[in-house]
Amino acid sequence: MTRVRRNVAVAGVALSDCGRVPDATPYALHAQAARRALADAGLDRSLVDGFASAGLGTLAPVEVAEYLGLRPTWVDSTSVGGSTWEVMAAHAADAIAAGHARAVLLVYGSTARSDIKAGRRTGELSFGTRGPLQFEAPYGHTLIAKYAMAARRHMIEYGTTIEQLAEVAVQARANAALNPEAMFRAPVTVDEVLAGPLIADPFTKLHCCPRSDGGAAVLLAAEELVRDCRTAPVWVLGTGEHVSHAAMSEWPDFTVSPAAVSGRLAFERAGVRPAEVDLAEIYDAFTYMTLVTLEDLGFCAKGEGGAFVEKGRLLVRGGELPVNTDGGGLSAQHPGMRGLFLLVEAVRQLRGEAGERQVRRADGQLPALAVASGTGGWFCSSGTVVLGR
């Protein structure tokens, strides 16, 4: 007997308090975001039979589900870095479509900034020295250094300039200026980005994301639940995921991210082309991530990312392809693994709930298609989700 596959919608999205939240615990941020997402959807917690979480607790996500009072019959704890949430959304959508769950809650929360300020951890995240990392850690391969090496390779191969990379930070900040929830809203110039302290050549401070506190939640639901939702549905049209490498020596080409595969799969499965997309939410812990992901998703040709990001193309106001409309990880917030925030912002834009930063099509209508693409590790993994009204 053939089972009928159901369509899957994003029914609710929310952020917890973000930015500087020194009095909260990660568990509290998870709970706050979850409550707000359920309220956004207008669905009762009793309908949630699927749960996905990573990065907290010895038995993630069992401990977080317990804290939230959930007893799910479908669960996912995939952990592939910042792209975890796009990959989890793909798994959850497949589970709902197949009838294994009806409503799946994805939740994240982190007090990364407060932990550093209180001395509970250092600013440099250690991934240990076991496995393939043992061959790189002794040579100073910090996370930032790995991204900086990739950026430098792109500059050598394609003539990408440091000014073009700085433009990514400038335009992210301009979008953040329209977002009252963003941590950093004051405008910056290319010269100011270039004049900052060097962190890892060629990145100065403003090429890199800040540390923040915060959480997010996304509720995916089967189509039969949509009629009971408070908000209009945003449909999951297509997804893709890909893992590339752990050791930098096993990465065939520093100028090609795993989004080249996850993006192709997501667009093919959605039946749409990059040219049809109205806005993109792209993981941007560093400026180079935005530039190379735009290339690999097909918004411009390989090597043309530098030219593409010039002339305000990424801006909410007047940009040809608004990117990271909330200010992104570079200016809005970056609590550690930011992939879930990309999905929240994409849904808010498609529902017309983004306030001053709301994207409009040329005809004045709301956007119809958005893409969220997360990156994990040091371009180790990618998950891409195409969403539509």
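Preceding this paragraph is the structure being described.
Summary of the structure given here. (Residues numbered from 1 in each chain as written. Predicted model: local features only at pLDDT ≥ 70, side-chain atom pairs only at ≥ 80, totals over all residues. Heavy atoms only, no water.)

## Concerning the overall build of the chain
If you tally the helices and strands in the chain, you get 13 helices and 11 strands. Scaling as 2.2 N^0.38, a compact globule of 389 residues should have a C-alpha radius of gyration of about 21 Å, and the chain matches this with 20 Å. Viewed in the frame of its principal axes, the chain has a C-alpha envelope of about 55 × 50 × 45 Å. Looking at the chain as a whole, 59% of its 389 residues are labelled buried. Counted over contacts in the chain with a minimum sequence separation of 6, partners at least 24 positions apart contribute 74%. (Helix = DSSP H or I, 4+ residues; strand = E, 2+ residues; numbered from the N terminus. Rg over C-alpha atoms; globule rule 2.2 N^0.38 Å. Buried < 20%, exposed > 50% of the residue type's maximum accessible area, 1.4 Å probe, protein only. Contact = heavy atoms within 4.5 Å.)

## Describing the packing of helix 3 (residues 84-97) against helix 13 (residues 339-351)
Where helix 3 meets helix 13, the axes come as close as 6 Å, and the angle between the chain directions of the two elements is 65°. Considering their axes alone, helix 3 and helix 13 lie roughly perpendicular with respect to each other. Across from W85, E86 and A89 in helix 3, the residues of helix 13 making contact are G339, L340, L342 and L343. By residue class, the composition of the contact of helix 3 with helix 13 is 5 nonpolar, 1 polar and 1 charged. (Axes fitted to C-alpha atoms, helices over the stretch in contact; angles between N-to-C directions. Parallel < 35°, antiparallel > 145°, perpendicular 65-115°, else oblique. Nonpolar A, V, L, I, M, F, W, Y, C, P; charged D, E, K, R; others polar.)

## Remarks on the environment of C229
For C229, the location among the structural elements is in the loop between helix 8 (223-226) and strand 8 (234-243). C229 sits 185 residues away from D44 along the chain, and the two C-alpha atoms are 9.9 Å apart. Residue contacts for C229: discarding those within four places in its chain leaves A11, A41 and L43.

## Some details on the pattern of salt bridges
Tallying each qualifying case throughout the model produces 19 salt bridges. The closest approach of N and O atoms between D17 and R36, which form a salt bridge, is 3.0 Å. Residue D17 is found in the loop between strand 1 (8-15) and helix 1 (26-41), and its partner R36 is found in helix 1; the two are separated by 19 residues along the sequence. The exposure class assigned to D17 is partly exposed, which follows from its relative accessible area of 37%. Salt bridges sharing common partners tie together D40, R230, R351 and E353. (Salt bridge = Lys/Arg side-chain N within 4 Å of Asp/Glu carboxyl O.)

## Details of the sheet that holds strand 7 (residues 213-222)
Strand order in the open sheet formed by 9 strands is 3-2-4-7-1-8-11-10-9, and the pairing between neighbours is mixed. At either end of the open sheet lies a strand with only one pairing partner, and these are strand 3 (74-76) and strand 9 (279-282). The average undirected angle you get between the axes of adjacent strands in this sheet is 25°. Where strand 2 (residues 50-52) meets strand 3, 3 bridges bridge the pair, whose relative direction is parallel. Of the residues in strand 3, the one forming a bridge with F51 is V75. Sheet strands touched by helix 3: strand 1, strand 2, strand 3, strand 4 (103-111), strand 7, strand 8, strand 10 (369-376) and strand 11 (381-388). Its angle to strand 4, the strand with the most contacts, is close to 165°. In the packing of helix 9 (residues 259-270) onto the sheet, contacts are made with strand 8, strand 10 and strand 11, and the angle to strand 8 comes to roughly 150°. (Pairing = 2+ DSSP bridges.)

## Overview of the pairing of strand 11
Buried residues dominate strand 11, accounting for 8 of its 8 residues. Pairing of strand 8 with strand 11, which is carried by 8 bridges, proceeds in the antiparallel orientation. By the bridge assignment, T239 is partnered in strand 11 with V385. As judged from the 8 bridges shared by strand 10 and strand 11, these two strands associate in the antiparallel manner. By the bridge assignment for strand 11, G374 is matched with G383. A loop of 4 residues connects strand 10 with strand 11, the two strands running antiparallel in sequence, and G377 in this loop sits at a positive phi of about 65°.

## Thoughts on the packing of aromatic side chains
Counted according to the given criterion, the structure contains 9 aromatic pairs. Between Y147 and F286 the ring centres are 4.8 Å apart and the planes differ by 35°, which places this aromatic pair in the tilted class. Residue Y147 is found in helix 5 (residues 143-158), and its partner F286 is found in the loop between strand 9 and helix 10 (287-296); the two are separated by 139 residues along the sequence. Taking relative accessible area as the criterion, F286 reaches 4% and is therefore assigned buried. Between Y147 and F379, the ring centres sit 4.9 Å apart and the planes meet at 55°, which makes this aromatic pair tilted. Placement of Y147 in helix 5 and of F379 in the loop between strand 10 and strand 11 is noted, with a sequence separation of 232 residues between them. Accessibility assignment for this pair places Y147 and F379 in one class, buried. Here the guanidinium or amino end of R20 rests over the ring plane of F184, the centre of that ring lying 5.6 Å away. In this arrangement the basic side chain of K146 is found over the ring face of W378, its NZ or CZ atom lying 4.7 Å from the centre. (Phe/Tyr/Trp six-rings, centres within 6.5 Å; stacked < 30°, edge-to-face > 60°. Lys NZ or Arg CZ within 6 Å of the ring centre and 35° of its normal.)

## Things to note about the side chain of R357
Locating R357 in the fold gives a position in the loop between helix 13 and strand 10. On the basis of relative accessibility, which here comes to 5%, the residue R357 falls in the buried class. Non-local contacts of R357, meaning those with residues more than four positions away in its chain, are made with L178, N179, P180, V316, T325, D326, E345, R348 and Q349.

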